[in-house]
Amino acid sequence: MANGVYHTKYGITINLTFEDLGHPDRPGLLEEITQPVGERDRALLQCLTDQQGGECQCALADKTPWMFVRRQRRAGRVVWVAAHLPLTHAATPEESDKHKAMKERIARSASRHGLDVQVEARSSDGRIVTDVLVSGAGGRVGWEAQYSPISASRVRRRSGRARENGIAPLWVTGDASSEIIDRAPWTRVDDVPWQRIVSPLAMIVRGGVRHLQIWKCTASSERSCPETGSHCGKFHSGWFLPVLCIPQERATALDELVVTSADGEHVAVRVRNVEDPRRASYLWALAKDVERWRDLTGDGEGEPENLPAEADDEPVTYAEEELDSSCHYGNRDRQYFSDPRPRRDMTSASGLHTFDIAPARPYRAPSRPVQMRRLSTRERAVIARELGCPAWEIGPCMLCAEPIHRYGQSSGLTCRSCRATALSR
């Protein structure tokens, strides 16, 4: 990656390590060179070595001498770098197969539940093409299956265009470090082969769907204080993954989210970070949880249209280094790789708030309780043999007909309530 690039239109050399790019007389230069390649002249930026007549190794790896500028993390800092454009932009066969399988699964789930479905739906103005557009009582949801790398700016741009067309964007990925996370409404599933994606087996949502939790911070609380680590005696609220909810909430399946997002049972919400307003989290939550959260916090819709495009990204560091005009492409001793993006902490809560006064209805039963699976008579018999115990069955109370548990084939049993009533007489 280079720290400089040649601007073919202006005939100037740009140093990416300076905040003014070495040209204080051109205040809009950064916005111009960081435009998506599809929205500018592909030959706008050129490799300095190639421009000066030197030997650039990029052609040996199906690259071009034309460049694009992007963010990169180096040694814990975010900087601008220039990289060679490839000859073509195509997903790998594996990425393409997963992408097609996910689109097929989403469309199949929506169609099976009577929702209106359009695959590769093009907007009226022709600016966006949605992988799968699902329409229901809650509005239109634009599903984007993302299995190939994508930039954060492109996620924001496509999501903004979707909203302008009255579509709620919903990105799905199998990559826990994908750029879609918290850049737009998103959800994550396990990264599995395309055959598993297209199969009828359930796919559980692992990230992107959360539930509102409200608790009083006392010594008897099952959670420690998010502010002091001890117990402050105040009330806290936050968004948690289903398994971390108290009581535990039921996990959401991908096929279920396809339906509930279109019906309006699940809605997208943008939760600002209380400590750092520049940062925010996107999540899908039950509409009634979102309504209650807004009553508690006074936060509005939280859509990012009025925020700067990079408001929730780390700021770029400008080291003001000497311009290096040599091309290091293919030189492994000098080749740079971006530090991995920090993974989202899935064990923590999003949007934590603290209250001095108890909110109305601070405690509640789980909104989507965990459903216990009913075992068949044969399954109970097999389990009983494995455990070496009598089969545990369910039968009616002989007095009130309420279901009770019983061993084996014994009959004439009564439930606890009826037994207690009989003993009290």
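Residues numbered from 1 in each chain as written. Predicted model: local features only at pLDDT ≥ 70, side-chain atom pairs only at ≥ 80, totals over all residues. Heavy atoms only, no water.

A closer look at the side chain of Asp-182
Inference 1: Inspection of the secondary structure puts Asp-182 in the loop between β9 (167–173) and β10 (186–188).
Inference 2: Only 3.4 Å separates the side chain of Asp-182 from the side chain of Trp-186, close enough to count as a polar contact.
Inference 3: Within the structure, Asp-182 has its side chain in polar contact with the backbone nitrogen of Tyr-282 (distance 2.9 Å). (Helix = DSSP H or I, 4+ residues; strand = E, 2+ residues; numbered from the N terminus. Polar contact = N/O pair within 3.5 Å; in protein donor to acceptor, adjacent residues only side chain to side chain.)

Quick word on the nonpolar core
Inference 1: If you look at the biggest cluster of nonpolar residues, it comprises 27 residues, and the most contacted ones within it are Met-102, Ile-106, Val-134, Trp-143 and Val-172.
Inference 2: If you list the elements that add at least two residues to this core, you get α3 (93–112), β7 (129–136), β8 (139–145), β9, α5 (194–198) and α6 (254–263).
Inference 3: The contact partners of Met-102, leaving out residues within four places of it in the chain, are Ala-145, Tyr-147, Val-172, Val-189, Ile-197, Met-203 and Leu-254.
Inference 4: Among the nonpolar cores identified, the runner-up in size contains 19 residues, and Leu-16, Leu-44, Leu-45 and Cys-47 belong to it. (Core = buried A, V, L, I, M, F, W, Y, C linked by side-chain atoms within 4.5 Å. Buried < 20%, exposed > 50% of the residue type's maximum accessible area, 1.4 Å probe, protein only. Contact = heavy atoms within 4.5 Å.)

Some thoughts on unusual backbone geometry
Inference 1: Omega for the bond connecting Ile-246 with Pro-247 falls within 30 degrees of zero, at -5°, which places this linkage in the cis form.
Inference 2: Residue position: Pro-247 is located in the loop between β12 (235–240) and α6.
Inference 3: Positive phi is not limited to glycine here, since Leu-21 has a value of about 60°.
Inference 4: As for its position among the elements, Leu-21 is in the loop between β2 (12–15) and α1 (29–33).

Structural notes on the environment of Leu-323
Inference 1: With respect to the helices, strands and loops of the structure, Leu-323 is situated in the loop between α7 (287–297) and β15 (350–355).
Inference 2: Taking C-alpha positions, Leu-323 is 9.4 Å from Val-5, a pair spaced 318 residues apart along the chain.
Inference 3: Among all residues touching Leu-323, those that are not within four sequence positions of it are Asn-3, Gly-4, Thr-13, Ile-14, Asn-15 and Leu-48.

Some details on the sheet that holds β12
Inference 1: If you walk across this open sheet you meet the three strands as β11-β12-β15, and the pairing is antiparallel. The outermost strands of the open sheet, each flanked by one partner alone, are β11 (211–216) and β15. Each adjacent strand pair in this sheet contributes to an overall mean axis angle of 15°, direction not counted.
Inference 2: Inspection of the sheet shows β11 paired to β12 by six bridges, in the antiparallel sense. When the sheet's bridge partners are listed, Ile-214 is paired in β12 with Ser-237.
Inference 3: Of the strands in this sheet, β11, β12 and β15 are in contact with α7, which crosses β11 at around 45°. (Pairing = 2+ DSSP bridges. Axes fitted to C-alpha atoms, helices over the stretch in contact; angles between N-to-C directions.)

Just distances and angles here, no functional claims.
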